[in-house]
Amino acid sequence: QVQLVESGGGLVQAGGSLRLSCAASGRTFRSYAMGWFRQAPGKEREFVAGISWTGGITLYADSVKGRFTISRDNAKNTVYLQMNSLKPEDTAVYYCAADVRPYSAYIRRNTGDYDFWGQGTQVTVSS
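So, here is what we can say about the structure in this document. What you are looking at is a predicted structure, and each value in this text was computed from that prediction instead of being measured. (Residues numbered from 1 in each chain as written. Predicted model: local features only at pLDDT ≥ 70, side-chain atom pairs only at ≥ 80, totals over all residues. Heavy atoms only, no water.)

What follows deals with the nonpolar core. Counting residues in hydrophobic clusters, the biggest one holds 29 residues, and the most contacted among them are M34, W36, L81, M83 and Y94. For this core, the secondary-structure elements that each account for two or more residues are β3 (18-24), β4 (33-39), β5 (46-51), β7 (68-73), β8 (78-83), β9 (92-99) and β11 (121-126). Discounting residues that sit within four places of it in the chain, Y94 has contacts with E6, L20, W36, F37, R38, V48, F68, L81, M83, G120, T121 and V123. In terms of nonpolar packing, the next biggest core, distinct from the first, is built from 5 residues, F37, F47, I107 and Y114 among them. (Core = buried A, V, L, I, M, F, W, Y, C linked by side-chain atoms within 4.5 Å. Buried < 20%, exposed > 50% of the residue type's maximum accessible area, 1.4 Å probe, protein only. Helix = DSSP H or I, 4+ residues; strand = E, 2+ residues; numbered from the N terminus. Contact = heavy atoms within 4.5 Å.)

Here you go:
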């Protein structure tokens, strides 16, 4: 069982920045690929960014490439999402998720490929 707790969301003006954190329980966190997803009202949950278990491979949605950065600190069992140059269309509830296939070489984009989810944190970007 993996428990994930997101934090760092809030209200920010367009062009501003936020850093989301996702704290994970469990000694095996470091063997899992992790992902960030978001869900806006009336829309499906979508992939934002993913990171391999080593942190050496990252993957981004086209809509956030160049503005968002995913990273992880395995010593702290935490994954981060640094969000810069925020836009109103980034407004959503942001979720972190764990893909518990250990030492996987792949970063998956589909929600169905992730086994554990946090409760989400709201990000609101005003224009």
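So that's the structure; there's more coming.
Before going further, it helps to spend a moment on the packing of aromatic side chains. Tallying each qualifying case throughout the model produces 6 aromatic pairs. Seen from their ring centres, F37 and F47 are 5.6 Å apart, and the 80 degrees between their planes marks the pair as edge-to-face. Of the two residues, F37 sits in strand β4 while F47 sits in strand β5, which places them 10 residues apart along the sequence. On the accessibility criterion, F37 (0% relative accessible area) is buried. Ring geometry for Y95 and W117: centres 6.5 Å apart, planes at 80 degrees, overall edge-to-face. Here Y95 is found in strand β9, whereas its partner W117 is found in strand β10 (residues 116-117), with 22 residues between them in sequence. On the basis of relative accessible area, W117 is assigned to the partly exposed category, the value being 26%. Here a set of aromatic residues connected by ring pairs shows up, and it is made of F37, F47, Y95, Y114 and W117. Positioned above the aromatic ring of W117, the side-chain terminus of R45 is 4.9 Å from the ring centre. (Phe/Tyr/Trp six-rings, centres within 6.5 Å; stacked < 30°, edge-to-face > 60°. Lys NZ or Arg CZ within 6 Å of the ring centre and 35° of its normal.)

This part covers the pattern of salt bridges. Pairing of side chains with opposite charge becomes possible as their charged atoms draw close. Enumeration according to the criterion identifies 7 salt bridges in this entry. We note a salt bridge from D99 to R101, for which the minimum N-O separation is 3.0 Å. Put simply, D99 and R108 hold a salt bridge, and the shortest N to O gap is 3.1 Å. Taken individually, D99 and R108 each receive the classification buried, so the pair is uniform in this respect. Three or more residues joined by partner-sharing salt bridges are found here, namely R38, E46, R67 and D90. (Salt bridge = Lys/Arg side-chain N within 4 Å of Asp/Glu carboxyl O.)

Residues in a regular strand point their side chains to alternate faces of the sheet. Taking every second residue as pointing to the same face, the buried face of β7 carries F68, I70 and R72, while none of T69, S71 and D73 on the other face is buried. Here β7 pairs with β8 via 6 bridges, running antiparallel. Considered in β8, the bridge of T69 is made with Q82. Hairpin geometry of β7 and β8 is characterised by an intervening segment of 4 residues between the two adjacent antiparallel strands and by a positive phi of about 50 degrees at N77. (Pairing = 2+ DSSP bridges.)

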